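Next come the chains, spelled out residue by residue.
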Amino acid sequence: MGVAGTFAACSPKAPKFQGVDLTGAEYARDLQLTDHNGQPRSLKDFAGKVVVVFFGYTQCPDVCPTSMSELADVKRALGADGDKLQGIFVSVDPERDTPEVLKAYMVNFDPSFLALRGTPEQLAAVAKDFKIYYKRVEGQTPTSYTMDHSAGSYVYDPAGRLRVYHRYGSGAQSLAADVRALLDETR
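Rules used throughout
- Residues numbered from 1 in each chain as written.
- Predicted model: local features only at pLDDT ≥ 70, side-chain atom pairs only at ≥ 80, totals over all residues.
- Heavy atoms only, no water.
- Helix = DSSP H or I, 4+ residues; strand = E, 2+ residues; numbered from the N terminus.
- Rg over C-alpha atoms; globule rule 2.2 N^0.38 Å.
- Buried < 20%, exposed > 50% of the residue type's maximum accessible area, 1.4 Å probe, protein only.
- Contact = heavy atoms within 4.5 Å.
- Areas by Shrake-Rupley, 256 points an atom, 1.4 Å probe, with all protein chains shown as cover.
- Lys, Arg positive; Asp, Glu negative; His and termini not counted.
- Charge placed at Lys NZ, Arg CZ, Asp CG, Glu CD.
- Pairing = 2+ DSSP bridges.
- Axes fitted to C-alpha atoms, helices over the stretch in contact; angles between N-to-C directions.

Topic: the overall build of the protein chain
Broken down by element type, the protein chain carries 5 helices and 10 strands. For 187 residues, the compact-globule estimate of 2.2 N^0.38 gives 16 Å, and the protein chain sits close to it at 18 Å. Over its C-alpha atoms, taken along the principal directions, the protein chain stretches across nearly 70 × 30 × 30 Å. Within the protein chain, the fraction of its 187 residues that count as buried is 47%. Across the protein chain, contacts joining residues at least 24 apart in sequence account for 69% of those joining residues at least 6 apart. Accessible surface computed for the protein chain: about 9,800 Å², of which carbon and sulfur atoms make up 54%. A distance of 4 Å separates the average location of the 21 positive side-chain charges in the protein chain from that of its 23 negative side-chain charges.

If you want it as structure tokens, here you go:
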């Protein structure tokens, strides 16, 4: 018993996350879509950074801008470590969210954040892999529709492993604490 306790004390302590711990999850391992600059992207492009992925659409009235604003707050709260955070916004509305629209939207939050989009087929495959929901809800006119969608953020460690899920409304402080914990693992 004493020897086992000695070895347990020497092993690195797993962080206690404020979000939902997804360490070891067998889904949402990558996404391969095109960013708002026309570059093909995958999670591997951001090795060494904590990556936060959020699914939404630019015409969302509240959930999406709130989530992206909180992510920008997290980056600022990290101070010098802010450059070790990559925000990713994945559009669930590729019909209206053109690269130009997405680029203008991202500037509202942080110029380093990227928006990704794909064909309807690519989006469906990514949504299935990430276990997210999205559905078009028709409006008064053909272009006034809204999108119902899952509202949470997936957080990846600097090695590119899915580690944490943050539900909408958990706040910037909670997300910042988990991003810091993941950065501290690599120090």
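A short note on the environment of D81
In this fold, D81 is placed in the loop between α2 (63-77) and β5 (85-91). The class of D81 is buried, set by a relative accessible area of 17%. It is 9.7 Å that separates the C-alpha atoms of D81 and K49, two residues lying 32 residues apart in sequence. Discounting residues that sit within four places of it in the chain, D81 has contacts with L183 and R187.

Section: the environment of P142
With respect to the helices and strands, the residue P142 is situated in the loop between β7 (134-137) and β8 (146-149). Placed 10 residues apart in sequence, P142 and G152 show a C-alpha to C-alpha distance of 28 Å.

A word on the sheet that holds strand β2 (residues 33-35)
Note on sheets: strands pair through backbone hydrogen bonds, and any given pair is parallel or antiparallel. Taken together, 8 strands build an open sheet; the order of strands is β1-β10-β9-β4-β5-β6-β2-β3 and the sheet is mixed. What marks the edges here is a single partner per strand, and that holds for β1 (20-21) and β3 (40-41). Where helix α5 (residues 172-185) meets the sheet, its contacts fall on β4 (50-56), β5, β9 (152-156) and β10 (162-167), and the angle it forms with β10 comes to roughly 170°.

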